[in-house]
Amino acid sequence: MNNYILRVTSADKSIRGFFAVTTGLAEKARTLHNTTPVATAALGRAITAGSIMGLMIKGENDKLTLQIKGDGPAGGIVVVSNYQGIVKGYIANPDVEVPLREDGKLNVGAAIGREGKINVIIDMGLKEPYVGQYSLVSGEIGEDLAHYFTFSEQTPSAVALGVLIDRDHSVKAAGGFIVQPLPDASEESISRLEENISGMKPITALIEEGKTPEDVMNIVLDGFEPEVLEKYEVDYQCDCSREKFEKALVTIGREELEKILLEDGGAELVCHFCNKKYNFSGEELQKIIDTI
């Protein structure tokens, strides 16, 4: 399934935007984590946002981590993205179930919770990573990120994120956009942008109809003569490896590893992002202990 994001600008360079279709990403996440419909919707929205936000970072070795920590039964979401929008993520409780909203739609806000924080961590290889934070306002993720950008980063932003679930619980449509007026945008331009967005269909309805990121761009930036600067093919990819887990075991320390060896005779580690299991035998654990 073709997943891609456009980075665009208005002809007068006063507005920038990112437009994404991520149906395949959200479906891959659902399959890996075996999520309930509301968990699929929440994780899919977060993965879409994380992939777009990864494209906002500069360095090839930089990593962006988006953490959504609410007080709801979903238990929080973690998404990691790189500068190419390649993403991975997980939801703490993939089995979460909450009643539908009054309008019959999945209640992502109730699953995430309305009390909590959004954390954005950018690791640029320096001693201390950049950390931005803002309080949740609804738990719906899109609205929360709009507030994060506007108030934590002082960048007014329109954020739309959506995941449509099919009858068999697979992902039927997923995508979103982040649009940001730049400092020299006129009040007239901002008003026009707000009118365009308020008058459009939900993002998942457009994607379900077969609309592409280009189509959504033309709806949102109608009257702005948008120019596509870059098109990014994005994917859900986990970069875990046996070597990384071996290094993680070393950080546990000799005393704790000896205790694990004595009590369990070995160790099984599971990757949060893809659920792959790594087994270390007693002999392998002893070799690691001997290196510490």
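For the structure itself, consult the block above.
Residues numbered from 1 in each chain as written. Predicted model: local features only at pLDDT ≥ 70, side-chain atom pairs only at ≥ 80, totals over all residues. Heavy atoms only, no water.

Engineer: Which residues make up the overall build of the protein chain, and what are the values?
Structural biologist: What the protein chain contains, in helices and strands, is 10 helices and 12 strands. Relative to the 2.2 N^0.38 estimate, which gives 19 Å for 292 residues, the radius of gyration of the protein chain is 21 Å and therefore close to what a compact globule would have. Relative to its full complement of 292 residues, the protein chain shows a buried share of 50%. If you sum the accessible surface of the protein chain, you get close to 14,300 Å²; carbon and sulfur atoms cover 48% of it. (Helix = DSSP H or I, 4+ residues; strand = E, 2+ residues; numbered from the N terminus. Rg over C-alpha atoms; globule rule 2.2 N^0.38 Å. Buried < 20%, exposed > 50% of the residue type's maximum accessible area, 1.4 Å probe, protein only. Areas by Shrake-Rupley, 256 points an atom, 1.4 Å probe, with all protein chains shown as cover.)

Engineer: How would you sum up the side chain of Ser81? Please name residues and give values.
Structural biologist: One can find Ser81 in strand 4 (residues 77-82). The buried category is assigned to Ser81, whose relative accessible area is 1%. A distance of 3.2 Å separates the side chain of Ser81 from the backbone oxygen of Gly50, its partner in a polar contact. Setting aside residues no more than four positions away along its own chain, Ser81 makes contact with Gly50, Ser51, Gly54, Lys63, Leu64, Ile86 and Val87. (Polar contact = N/O pair within 3.5 Å; in protein donor to acceptor, adjacent residues only side chain to side chain. Contact = heavy atoms within 4.5 Å.)

Engineer: I'd like to hear about the pairing of strand 12 (residues 277-281), residue by residue, with values.
Structural biologist: Of the two faces of strand 12, only the one carrying Tyr278 and Phe280 is buried; Lys277, Asn279 and Ser281 on the other face are not. Where strand 11 (residues 266-270) and strand 12 come together, five bridges link them in antiparallel fashion. The residue of strand 12 that forms the bridge with Val270 is Lys277. Between strand 11 and strand 12, which pair antiparallel in sequence order, lie six residues; one of them, Asn275, sits at a positive phi of approximately 65°. (Pairing = 2+ DSSP bridges.)

Engineer: Give a description of the sheet that holds strand 1 (residues 4-9) that names residues and reports values.
Structural biologist: Strand order across the open sheet formed by five strands is 8-9-2-1-10, with antiparallel pairing between neighbours. A single partner strand is all that each edge strand has here, and the edge strands are strand 8 (158-165) and strand 10 (227-233). Geometrically, the sheet is characterised by an average inter-axis angle of 10° between neighbouring strands, direction not taken into account. Both strand 1 and strand 2 (residues 15-21) contribute to a ladder of six bridges, which runs antiparallel. The partner of Tyr4 across the bridge, within strand 2, is Val21. The sheet strands contacting helix 1 (residues 23-33) are strand 2 and strand 9 (171-181), and the helix crosses strand 9 at an angle near 125°. The strands touched by helix 4 (residues 142-152) are strand 8 and strand 9; relative to strand 8, the strand with the most contacts, the crossing angle is about 160°. (Axes fitted to C-alpha atoms, helices over the stretch in contact; angles between N-to-C directions.)

Engineer: Kindly report on the sheet that holds strand 3 (residues 63-70), identifying the contributing residues and their values.
Structural biologist: As summarised here, the arrangement of the five strands in space is 5-4-3-6-7, forming an open sheet in which the pairing is antiparallel. Each edge of the sheet is formed by a strand with only one pairing partner; in this case those strands are strand 5 (87-91) and strand 7 (130-135). On average, adjacent strands in this sheet sit at an angle of 10° to one another, irrespective of strand direction. The sheet contact formed by strand 3 and strand 4 spans six bridges and is antiparallel.

Engineer: Pulling in residues and values, what's your account of the packing of helix 9 (residues 254-264) against helix 10 (residues 282-291)?
Structural biologist: One can describe the packing of helix 9 onto helix 10 by two numbers: an axis separation of 10 Å at closest approach and a directional angle of 165°. In terms of axis orientation, helix 9 runs roughly antiparallel to helix 10. Considering only the axes of helix 9 and helix 10, their crossing is left-handed. Residues Arg254, Leu257, Glu258, Ile260 and Leu261 of helix 9 pack against Gly282, Leu285, Gln286, Ile288, Ile289 and Asp290 of helix 10. (Parallel < 35°, antiparallel > 145°, perpendicular 65-115°, else oblique. Left-handed = near helix turned anticlockwise from the far one by under 90°.)

Engineer: Any chance you could break down a nonpolar patch on the surface for me, citing the residues and the numbers?
Structural biologist: Among the surface-exposed residues, Met124, Leu126 and Tyr130 lie close enough to one another that they form a single nonpolar patch of about 290 Å² accessible area. Among the structural elements, Met124 can be located in the loop between strand 6 (116-123) and strand 7. (Patch = residues over 30% accessible without salt bridge, like charges linked within 9 Å, V, L, I, M, F, W, Y side chains within 5 Å. Salt bridge = Lys/Arg side-chain N within 4 Å of Asp/Glu carboxyl O.)

Purely geometric numbers; function is a separate question.
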